Amino acid sequence: MDAASDTAETLTLDIDGWEGPLDVLLALARTQKVDLKAISILELVEQYLAFVEQARSLKLELAADYLVMAAWLAYLKSALLLPRDPEETPSPEELALRLQLRLERLNAMREAGARLMARDRMHRDVFPRGAPAGLRTVRQARWEAEIYDLIAAYGRVSARTRPVMHVVATRPVMTLEVAIERVGRLIGTRLDWSTIESFLPGDAAGGYRKSALASSFVAALELARQGRLEMRQKSPFAPLYLRGTA
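Residues numbered from 1 in each chain as written. Predicted model: local features only at pLDDT ≥ 70, side-chain atom pairs only at ≥ 80, totals over all residues. Heavy atoms only, no water.

Draft legend 1. Up close: the overall build of the protein chain. Looking only at helices and strands, the protein chain features eight helices and five strands. The secondary structure elements of the protein chain, listed N-terminal to C-terminal, are α-β-β-α-α-α-α-α-α-β-α-β-β. Of all 246 residues assigned to the protein chain, the portion counted as buried reaches 24%. Surface accessibility of the protein chain: about 18800 Å² in total, with carbon and sulfur atoms responsible for 57%. (Helix = DSSP H or I, 4+ residues; strand = E, 2+ residues; numbered from the N terminus. Buried < 20%, exposed > 50% of the residue type's maximum accessible area, 1.4 Å probe, protein only. Areas by Shrake-Rupley, 256 points an atom, 1.4 Å probe, with all protein chains shown as cover.)

Below, the structure is given as structure tokens:
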């Protein structure tokens, strides 16, 4: 029964120049062991159509394989008969080799698919357990720390719990009211432009000098807004000059 089935699924040709299976003819044509010029393509097509017509239960992919083989044989024969450009058109031997490799790759994919489909299926060949038992997970902590990690952790905890005491250091500052009174008093005795540093106390130094300079600058802006003095600066970060208005 199996031998008869294999025979029914094999396309055997009986044409001028060849008698035998189509795949063997293609293999011999690739190795140039058969003369393709003596094979009738018309008889090949007629026998292929008759083969497909008689085998009603033939698998579609098998018929497609034979169709590709027959088409490649026709193409190989046309390549032998017609002149070709060696730089653009591959040789008939190379084309036949490509076809053989593609057919082998296709057959490998089909076998892999058949092996996958033949595996055991859940709920058909194998069945899960009716009452699956759960797995209990046991976790055991293992702590690893060096002396630096312990000291750093203790420092963080101690910093969070230690009471915080804010001590504001007393610094000598010049208030804005004092600066306005001083600049307003001195600006009346200056007839020409004077730098803002000349309005600072002579004994001002360190942080008190910075505070006096900042307060004097704000005081100069306020007096300029009131129209009691004028301010001039030639360029950014250049000395600032003050002069009383007439």
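So much for the structure itself; the text now carries on.
Draft legend 2. Up close: the packing of aromatic side chains. All told, the structure shown has zero aromatic pairs when counted by the stated rule. Directly above the ring of Trp193 sits Arg232, whose terminal nitrogen or CZ lies 4.5 Å from the centroid. Positioned over the ring face of Tyr241 is Arg232, at 5.6 Å from the centre of the ring. (Phe/Tyr/Trp six-rings, centres within 6.5 Å; stacked < 30°, edge-to-face > 60°. Lys NZ or Arg CZ within 6 Å of the ring centre and 35° of its normal.)

Draft legend 3. The arrangement of the pattern of salt bridges in detail. Per the stated rule, a full pass over the model turns up five salt bridges. Arg124 is paired through a salt bridge with Asp125; the nearest N and O atoms lie 2.8 Å apart. A relative accessible area of 37% places Asp125 in the partly exposed class. Arg185 is paired through a salt bridge with Glu181; the nearest N and O atoms lie 3.1 Å apart. Note that Arg185 and Glu181 are positioned in helix α7 (residues 176-187) at a spacing of four residues, about one turn of the helix. Classification of Arg185 as partly exposed rests on a relative accessible area of 46%. (Salt bridge = Lys/Arg side-chain N within 4 Å of Asp/Glu carboxyl O.)

Draft legend 4. Focus on the nonpolar core. The biggest cluster of nonpolar side chains holds 15 residues, and the ones touching the most others in it are Val183, Ile187, Phe199, Leu229 and Leu242. Secondary-structure elements contributing two or more residues to this core are α7 and α8 (207-226). If sequence neighbours within four positions are ignored, Phe199 has contacts with Arg182, Val183, Leu186, Ile187, Arg190, Ser194 and Leu242. If you look at the next biggest cluster of nonpolar residues, it comprises eight residues, including Ile15, Leu25, Met69 and Leu103. (Core = buried A, V, L, I, M, F, W, Y, C linked by side-chain atoms within 4.5 Å. Contact = heavy atoms within 4.5 Å.)

Draft legend 5. The arrangement of the packing of α7 against α8 in detail. Taken N-terminus to C-terminus, the directions of α7 and α8 make an angle of 65 degrees; their axes are 8 Å apart at the nearest point. Of the two elements, α7 crosses α8, and the hand of that crossing is right-handed. Seen from α7, the contacting residues are Leu176, Ala179, Ile180, Val183 and Gly184; seen from α8, they are Ser215, Ser216, Val218, Ala219, Glu222 and Leu223. (Axes fitted to C-alpha atoms, helices over the stretch in contact; angles between N-to-C directions. Left-handed = near helix turned anticlockwise from the far one by under 90°.)

Draft legend 6. Inspection of the confidence of the model for the protein chain at higher detail. When pLDDT is averaged across the protein chain, the result is 76; 72% of the residues are at 70 or more. When pLDDT is averaged over each helix and strand of the protein chain, the minimum, 49, is found for helix α1 (residues 2-8) and the maximum, 89, for helix α6 (residues 147-161). In this model, residues 1-5 is a region of pLDDT below 50 whose contacts with residues beyond four sequence positions or in other chains number zero contacts. (pLDDT = per-residue confidence, 0-100.)

Draft legend 7. Seen up close, the pairing of strand β5 (residues 241-244). Here strand β3 (residues 194-195) runs beside β5; their pairing, made up of two bridges, is antiparallel. Among the inter-strand pairings, Ser194 is bridged to a residue of β5, identified as Leu242. (Pairing = 2+ DSSP bridges.)

Draft legend 8. How the structure looks around α7. Between its first and last C-alpha atoms α7 spans 16 Å; for twelve residues at 1.5 Å apiece the expected length is 16 Å, and the two agree. Buried residues of α7: Ala179, Val183, Gly184, Leu186 and Ile187, and no others. Looking at the buried side of α7, the elements it contacts are α8, β4 (229-232) and β5. (Expected span 1.5 Å × (residues − 1).)

Draft legend 9. Quick look at the side chain of Ser215. In this structure, Ser215 sits in helix α8. The exposure class assigned to Ser215 is buried, which follows from its relative accessible area of 11%. When near neighbours in sequence (up to four residues on either side) are disregarded, Ser215 contacts Met174, Thr175, Leu176 and Ala179.

Draft legend 10. Structural view of the sheet that holds β5. The strand order across the open sheet built from three strands is β3-β5-β4, with neighbouring strands paired in antiparallel fashion. Every interior strand has two partners, whereas the edge strands, β3 and β4, have only one. Along the sheet, α8 makes contact with β4 and β5, crossing β4 at roughly 120 degrees.

Draft legend 11. Representation of unusual backbone geometry within the structure. With phi around 70 degrees, His123 is a residue other than glycine that occupies positive phi space. Structurally, His123 is set in the loop between α5 (92-117) and α6. Residue His123 is classed as exposed on the basis of its relative accessible area, which comes to 58%.

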